[in-house]
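Residues per chain are reported as follows:
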Amino acid sequence: MDYDKDIRIIKPLKEGGQKKVYLAESNTLGKVILKVGQCHSISDLERIKREVDLLRSIKSPYFPQNYAFRYDSNGNFQMLEEYIESKSLSECMHFFDTEVKIAQFALELINGMKLLWNSRIVHRDLKPDNILIKSTYQPVIIDLGIARDLEGISLTKSILHRGPCTPIYASPEQLKNMKDCIDIRTDFFSIGIILCELFLKVHPFHPQVVGEGFSIVENIEAGRYSLQYLDKKMSPHFESIVKKLLETKQYNRYRTYKKFEKDLLMLIS
Amino acid sequence: MESVSLYHQCGFREIWNIDSFTRDRVGDGLIISPINMESHKVNRLPISIKQCSFFDPQFYIPRSSHKALNSYKFFPNNIAGGYKTVDYAKYASQSARICVDYQVQNDFKYIIMPTVFFDELPNNYIAQLKELYILPFLNVISTIGAEKPTLLSIIVKDIQLNDSDYRDELLSLLTSYSEIDGIYLIPYYKTTSKRIKNADYLLNLMTFIDVLRANDLEVHVGYTDIEAYILTIADVNSITIGSYENLRNFSNSISSHRFETKEGTKGMNGPIPRIYSSKLLQWIDYRYLSSLESDYSKSNELFDDTEYKVTMFDPGYKWHFTKPELYKHYFLSFNRQIKSLPNSFDERYNHIMNNIKKAMDYFDGIRDCGILLDSNSDGSHLGFWGTAVNRFVKYKRGV
């Protein structure tokens, strides 16, 4: 595809890290998402290539389709992805106002994520901004840039203080950059934060919720959170599910998504 | 809680285990030891035995050139033509494929993913285990779509149980694979005593098992001696019985170089023969038997009635540690004990504690009549056992 002739940028959507994201129009594909950026290291480029490979291998309504990817020797890259008519989860949290709706959302999210997890891939950056919600309320998971293939070579330097992540949605093992410990339970922790946030409408590790003194990240590392805020209080069943997701030690979280799924189904029924 | 299965930890003279299993109906199956049984002999075992048994690939010392292992192509030292850790990655998948095929073709109950023994734990031992053993086996198992349940083997040293960082690291690893069904757990504990007299260690082992069970993993504890009796409070799925001491203590297996050199008893300076007493929860040096018989009024209660006891108690019996009766009696007696354990937590706790207390009473009676048992025959372990069980129950109840 000749990007320069085929693509017309409509408006910028997001800028951050190493890339800019645009809404664009393609003569052949219609509305598309164009990601443009520059990699400053080989490992950055490898991450982007990995994301492309992943999206191309998955082909699922839970993930955007990748149409094209190119990069040059200076590390500049362009990526063209499916445009999904949606809002980010951050923008429509208000819809998820009951435990049942939250549990149904979680089941949908698991349905999508199992495509990665079954291939031994961990997303590592699940957060409301990386989950799009369609008008049917089906989630679409985006930004697989730091997803890790558990059998692949790690792109993260062990000496880094913190592993790649969005710290306020990261698990304790990510924050400590314990690379050997990253597995699907790392994503479970992030999902735990998201589910709590949907219920409480505030981050469960936020100082506003647990008491002033420490930052969200410090609270995550210390396992300090609250499942109660203002007049919002979880049912014992829902509480037991999120508590299990938010365990500091991985071996105390769900071991498999099947058990997690089962508990959610019980909650709904 | 589930009822506890008992497997014969086979080794040298595995025929005793096979006899005990088939003739005396002791145990639920065998754990086959390739260093003691060449491949063609394993292939010839009756299918009825293999289907309820498992095969331990024994990669513990991967550089081992043990002669019996020559018949197993998948063994690291054979497949690599001389094992070197740095080179092994290129052979790992092939070894895993042949080893899994072998277990499936023989129709064993489980597929066992092997592990290695590290004398000193290297910094990257988790990474080594994953890269060279766990992932290659998991890949093969998923590729062939094996339907048999899979157990991941792991050796757990006392330092890994006592140190919270080591413990967490290991538990994170063991609980991280959704594809596996359970753990073949091999405790490694060095002691000069015949019994484990360390309540902290026993408690740590129980809580470690408890975490695995809470993760819906089966836990099969290998190389156990009679301490396994109290481990049942942690809801283990199975424990083992073995004849010689190195089959009841993995540390003995390592220190006796069992995985590296051919075993035998010729010229061996063997241990003093002992007979197992289910009432005393102890193996008793046979040289105390005449004193017990003449001076202790309850001596006839101490040893369960078995045909092997009849043989051993014959005045003309020549006691020697290589005699099968010692072990076959233990197998029968211990099997009865394990099979009589209740399946509710509270009832099992009371049952075990009552038996520990009864054993202490017997020991008091023996001492009161003037028989002074040595530290490997007395009841000095029972306080530690009882304490460990009580502390575990408190931990479970959140007290």
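The shown structure was predicted, so the numbers you read here are calculated from the model rather than taken from an experiment.

Draft legend 1. Main features of the overall build of chain B. What chain B contains, in helices and strands, is 17 helices and 10 strands. Scaling as 2.2 N^0.38, a compact globule of 399 residues should have a C-alpha radius of gyration of about 21 Å, and chain B matches this with 21 Å. In terms of overall dimensions, chain B has a C-alpha envelope of 65 × 50 × 35 Å along the principal axes. Across the 399 residues in chain B, those meeting the buried criterion constitute 60%. Sequence-distant contacts, at least 24 apart, represent 72% of the contacts inside chain B between residues at least 6 apart. Accessible area of chain B: about 15,900 Å², with a carbon and sulfur share of 46%.

Draft legend 2. Representation of helix H8 (residues 164-174) of chain B. Turning to H8 of chain B, its buried residues number three or more, namely Arg167, Asp168, Leu170, Leu171, Ser172, Leu173 and Leu174 of chain B. Contacts from the buried residues of H8 of chain B go to helix H5 (184-200) of chain A together with helix H6 (125-144), strand E5 (150-157), helix H7 (158-162), strand E6 (182-188) and helix H9 (199-214) of chain B.

Draft legend 3. Highlighting the pairing of E5 of chain B. All names here are of chain B. Buried residues dominate E5, accounting for eight of its eight residues. Here E5 shows two buried faces, one formed by Thr150, Leu152, Ile154 and Val156 and the other by Leu151, Ser153, Ile155 and Lys157. Summarising the sheet, strand E4 (residues 111-113) and E5 pair through three bridges and their orientation is parallel. From the neighbouring strand, Ile112 faces E5, where its bridge partner is Leu151.

Draft legend 4. Representation of the environment of Asp285 of chain B within the structure. Residue and element names in this part refer to chain B. As for its placement among the helices and strands, Asp285 is situated in strand E10 (residues 282-285). With a relative accessible area of 4%, Asp285 lands in the buried category. It is 23 Å that separates the C-alpha atoms of Asp285 and Gln9, two residues lying 276 residues apart in sequence. Those residues in contact with Asp285 that lie beyond four places of it in its chain are Ile272, Pro273, Arg274, Asp374 and Ser377. At a separation of 2.7 Å, a polar atom in the side chain of Asp285 contacts the side chain of Arg287.

Draft legend 5. Structural detail: the packing of helix H3 (residues 99-117) of chain A against H5 of chain A. All names here are of chain A. Put simply, H3 and H5 touch, their axes get as near as 11 Å, and they point 160 degrees apart. One element, H3, and the other, H5, form an angle in the roughly antiparallel class. Considering the relative orientation of H3 and H5, their crossing is right-handed. For the pair formed by H3 and H5, the contact residues are Glu99, Ile102, Phe105, Ala106, Leu109, Met113 and Trp117 on the first element and Ile184, Asp187, Phe188, Ile191, Ile194, Leu195, Leu198 and Phe199 on the second. A class-by-class count of the residues in the contact of H3 with H5 yields 13 nonpolar, no polar and two charged.

Draft legend 6. Looking closely at the confidence of the model for chain A. Of the residues in chain A, 92% have a pLDDT of 70 or more, and the chain-wide mean is 89. The least confident element of chain A is strand E10 (residues 148-149) of chain A, whose mean pLDDT is 64; the most confident is helix H8 (residues 236-245) of chain A, at 98.

Draft legend 7. Summary view of the nonpolar core. Tyr60, Leu185, Phe250 and Phe334 of chain B are the most contacted members of the largest nonpolar core, which totals 146 residues. Counting residues per element, this core draws most heavily on H6 of chain B, at 11 residues. If we skip the residues at most four places from it in the chain, Phe250 of chain B touches Tyr60, Phe117, Ile155, Ile186, Pro187, Tyr188, Tyr223 and Phe259 of chain B. By size, the runner-up hydrophobic cluster in this structure holds 59 residues, among which are Leu54, Ile58, Leu116 and Val202 of chain A.

Draft legend 8. Spatial organisation of the pairing of strand E2 (residues 19-26) of chain A. All names here are of chain A. The buried fraction of E2 amounts to six of the eight residues, a majority that puts the element mostly inside the structure. Where strand E1 (residues 7-16) and E2 come together, eight bridges link them in antiparallel fashion. Across the sheet, Glu15 pairs through a bridge with Lys20, a residue of E2. Where E1 folds back onto E2 in an antiparallel hairpin, the turn is made up of two residues, including Gly17, whose phi is positive at roughly 60 degrees. The sheet contact formed by E2 and strand E3 (residues 30-38) spans eight bridges and is antiparallel. Among the inter-strand pairings, Val21 is bridged to a residue of E3, identified as Lys35. Linking two consecutive strands that pair antiparallel, namely E2 and E3, is a turn of three residues.

Draft legend 9. The arrangement of the interface of chain B and chain A in detail. Tallying the contact residues gives 19 residues for chain B and 13 residues for chain A. Inspection of the region where chain B meets chain A yields two salt bridges. The salt bridge partner of Asp168 of chain B is Lys249 of chain A, with a shortest N-O separation of 2.7 Å. Viewed at the interface, chain A and chain B are joined by 12 residue pairs in polar contact (both at pLDDT 80 or more). For the side of chain B that touches chain A, the elements supplying multiple residues, two or more each, are H6 and H8 of chain B. It is H6 of chain B that contributes the most residues to the side of chain B that touches chain A, five residues altogether. Here the side of chain B that touches chain A is composed, by residue class, of eight nonpolar, six polar and five charged.

Draft legend 10. Representation of a positive patch on the surface. A contiguous patch of positive charge, built from Lys41, Arg44, Lys67 and Lys262 of chain B, is present on the exposed surface. Note on Lys67 of chain B: relative accessible area 63%, which makes it exposed.

Draft legend 11. Spotlight on the sheet that holds strand E8 (residues 131-133) of chain A. Residues and elements named next belong to chain A. Read across the open sheet, the three strands follow the order E6-E8-E9; overall the sheet is antiparallel. In this open sheet, the two strands that pair with only one neighbour each are strand E6 (87-88) and strand E9 (139-141). Pairing analysis gives three bridges linking E8 to E9, with the strands arranged antiparallel. Directly across from Leu132, in E9, lies its bridge partner Val140.

Draft legend 12. Examining unusual backbone geometry more closely. One non-glycine residue with positive phi stands out, namely Arg124 of chain A, at about 70 degrees. Note that Arg124 of chain A resides in the loop between strand E7 (121-122) and E8. The exposure class of Arg124 of chain A is buried, given its relative accessible area of 6%. Unlike most non-glycine residues, Asp107 of chain B shows phi in positive territory, near 65 degrees. Tracing the chain through its elements places Asp107 of chain B in the loop between helix H5 (85-105) and E4. Residue class for Asp107 of chain B comes out partly exposed when judged on its relative accessible area of 21%.

Rules and cut-offs
Residues numbered from 1 in each chain as written. Chains lettered and ligands numbered in written order. Predicted model: local features only at pLDDT ≥ 70, side-chain atom pairs only at ≥ 80, totals over all residues. Heavy atoms only, no water. Helix = DSSP H or I, 4+ residues; strand = E, 2+ residues; numbered from the N terminus. Rg over C-alpha atoms; globule rule 2.2 N^0.38 Å. Buried < 20%, exposed > 50% of the residue type's maximum accessible area, 1.4 Å probe, protein only. Contact = heavy atoms within 4.5 Å. Areas by Shrake-Rupley, 256 points an atom, 1.4 Å probe, with all protein chains shown as cover. Pairing = 2+ DSSP bridges. Polar contact = N/O pair within 3.5 Å; in protein donor to acceptor, adjacent residues only side chain to side chain. Axes fitted to C-alpha atoms, helices over the stretch in contact; angles between N-to-C directions. Parallel < 35°, antiparallel > 145°, perpendicular 65-115°, else oblique. Left-handed = near helix turned anticlockwise from the far one by under 90°. Nonpolar A, V, L, I, M, F, W, Y, C, P; charged D, E, K, R; others polar. pLDDT = per-residue confidence, 0-100. Core = buried A, V, L, I, M, F, W, Y, C linked by side-chain atoms within 4.5 Å. Salt bridge = Lys/Arg side-chain N within 4 Å of Asp/Glu carboxyl O. Patch = residues over 30% accessible without salt bridge, like charges linked within 9 Å, V, L, I, M, F, W, Y side chains within 5 Å. Lys, Arg positive; Asp, Glu negative; His and termini not counted. Charge placed at Lys NZ, Arg CZ, Asp CG, Glu CD.

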